[in-house]
Amino acid sequence: TIEPPTIGKAFVSLVPAVDDVGNDRAGIRFTIISEVFASEIQLVTNGFAAEFGNTPGLVMNVVTPSGTNAVHGSISYRFRRPSFYSRPFFYPSPADLPENKTDNFTAAVAGPIIKDRWHFYGGYEYVRRDDKAVAARLLTIQEADKAQLIAAGLSPSIFPIAIPSLEGGSFYIFRTDVQLNDKNRLTGRFTHADVFSRNFVLGGLNTLERTFSQTSVDYSVGIQLATYTPKLLNEFRFQYAQRAPGSRRNELSGNGASIVITGVANFGSPDNVDTIFPPRRITQIQDNLTQTVGTHVVKFGGGFNFYNNTERSPIFARYTFPSIAAYVAARNGTDLRSYTNYAETFGDPEINYKATFWSSFAQDDWKVTRRLKVAYGLRYDLYQIPKADSTS
């Protein structure tokens with residue numbers, strides 16, 4: 001028997017159960033998920049049913065919180081300061097302790113609008129994390145090479161111990177559940193994230209000039225209408241989501257051409273900057289029907305995801321030199337072609353991408369005996385992607 005969702009008790013569900021993956025780009029996450037968005041995370045690593053597709057690995061379900069008949073909430077504040085920890089193992093400077101700071105604030109409230117019929121949940125998170133000692137951000141440029149580059153005219157300030165990182169932003173969620181009548185329940189969810197990452201580059205051979213800032217502004221709206229009887233459940237789901245990422249120069253970013261001295265250092269202008277994307281959009285509709293027939297629980301459904309993306313490539317010019325001496329020769333004019341490689345992008349950097357992913361499935365959970373259940377199903381996916389442009 002299919003039990004309807006229970007109003008008035010502390011329950012959670014995968015509502016609205018919609019995709020949060022940019023499947024058109026090899027499964028990259030679409031919107032950023034905050035801890036206030038989730039009350040439970042389920043990982044299905046193998047043997048998942050035919051209704052799940054577009055992945056050869058695991059399925060992650062994020063269960064969003066919901067309200068109850070009692071008003072309840074939570075507030076938390078977590079912080080980190082340099083005096084809380086010892087010197088990082090790989091941090092090479094014995095004279096100072098990196099000023100790593102973190103502030104993380106969350107708040108959530110849930111309760112009834114109409115008891116036993118209409119509930120709400122709202123959550124907010126703010127995070128700001130400053131990290132100057134992650135091992136991957138430590139510079140590995142040799143001291144002798146650094147001295148030669150400074151003598152050639154580079155500023156000593158672009159050679160810190162590590163590339164400092166600053167990340168942060170705000171997250172919002174609002175969810176409401178309405179019991180329309182004894183057979184229909186409507187759920188809606190809105191999420192929003194506005195986050196940034198400053199100095200978005202790893203250390204290694206990169207100097208401070210190669211850093212830039214990234215932003216991401218996400219919106220997502222999801223709706224589910226569940227209609228149920230003792231042996232029948234129909235779920236209609238709708239989602240509209242958009243993500244507007246981008247990268248920009250900051251006050252630390254270098255100017256002019258990008259310079260790479262192979263095996264020595266990278267400086268000058270960063271390659272991947274000034275690529276402000278128009279919003280990437282996903283529109284999803286899905287309908288699933290589940291029916292209990294004797295010892296069988298049969299489920300089938302279908303839907304589509306419509307992707308509307310605009311990609312923008314960075315515009316850059318990059319010189320690659322085999323040695324510091326070759327770079328110095330080009331810089332002072334004694335050998336203007338001492339570089340081994342020159343790369344430049346030009347032209348229209350934007351391309352619009354529209355695709356529709358259709359899916360349908362049928363599956364059966366057959367309880368053969370009290371100790372044996374057999375699950376089997378069939379899934380079909382159709383990917384309608386743009387045709388290649390032979391003139392480009």
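Our structure is the block above this text.
Bear in mind the structure is a predicted one, so any value in this text is a computation, not a measurement.

Colleague: Could you give an account of the overall build of the protein chain, with specific residues and numbers?
Modeller: Looking only at helices and strands, the protein chain features two helices and 19 strands. Viewed in the frame of its principal axes, the protein chain has a C-alpha envelope of about 85 × 60 × 40 Å. Counting the 392 residues in the protein chain, one finds 41% classified as buried. Long-range pairs, those at least 24 residues apart, make up 71% of the contacts in the protein chain between residues at least 6 apart in sequence. Summed over its atoms, the accessible surface of the protein chain is roughly 20900 Å², and 59% of this surface lies on carbon and sulfur atoms.

Colleague: Quick rundown of the packing of aromatic side chains? Include the residues and the values.
Modeller: Here a ring pair, both rings aromatic, is described through the centre-centre distance and the interplanar angle of the planes. What the rule picks out here adds up to 16 aromatic pairs. Ring centres of tyrosine 319 and phenylalanine 321 lie 6.3 Å apart, and the angle between their planes is 25 degrees; this geometry places the pair in the stacked category. Arranged with centres 4.6 Å apart and planes meeting at 55 degrees, the rings of phenylalanine 357 and tyrosine 383 form a pair that is tilted. In this pair, phenylalanine 357 is assigned in strand 18 (residues 350-369) and tyrosine 383 in strand 19 (residues 372-384), connecting sequence segments 26 residues apart. Take tyrosine 383: its relative accessible area is 42%, and that puts it in the partly exposed class.

Colleague: Account for the sheet that holds strand 15 (residues 296-312), naming residues and giving values.
Modeller: If you walk across this open sheet you meet the eleven strands as 5-6-7-8-9-10-11-14-15-18-19, and the pairing is antiparallel. The open sheet has two edge strands with one neighbour each: strand 5 (72-80) and strand 19. Averaged over all pairs of adjacent strands, the angle between strand axes in this sheet comes to 10 degrees, irrespective of strand direction. Here 14 bridges tie strand 9 (residues 184-198) to strand 10 (residues 213-229), and the two strands are oriented antiparallel to one another. Counterpart to threonine 187 in the pairing with strand 10 is glutamine 224.

The rules behind these values
- Residues numbered from 1 in each chain as written.
- Predicted model: local features only at pLDDT ≥ 70, side-chain atom pairs only at ≥ 80, totals over all residues.
- Heavy atoms only, no water.
- Helix = DSSP H or I, 4+ residues; strand = E, 2+ residues; numbered from the N terminus.
- Buried < 20%, exposed > 50% of the residue type's maximum accessible area, 1.4 Å probe, protein only.
- Contact = heavy atoms within 4.5 Å.
- Areas by Shrake-Rupley, 256 points an atom, 1.4 Å probe, with all protein chains shown as cover.
- Phe/Tyr/Trp six-rings, centres within 6.5 Å; stacked < 30°, edge-to-face > 60°.
- Pairing = 2+ DSSP bridges.
- Axes fitted to C-alpha atoms, helices over the stretch in contact; angles between N-to-C directions.

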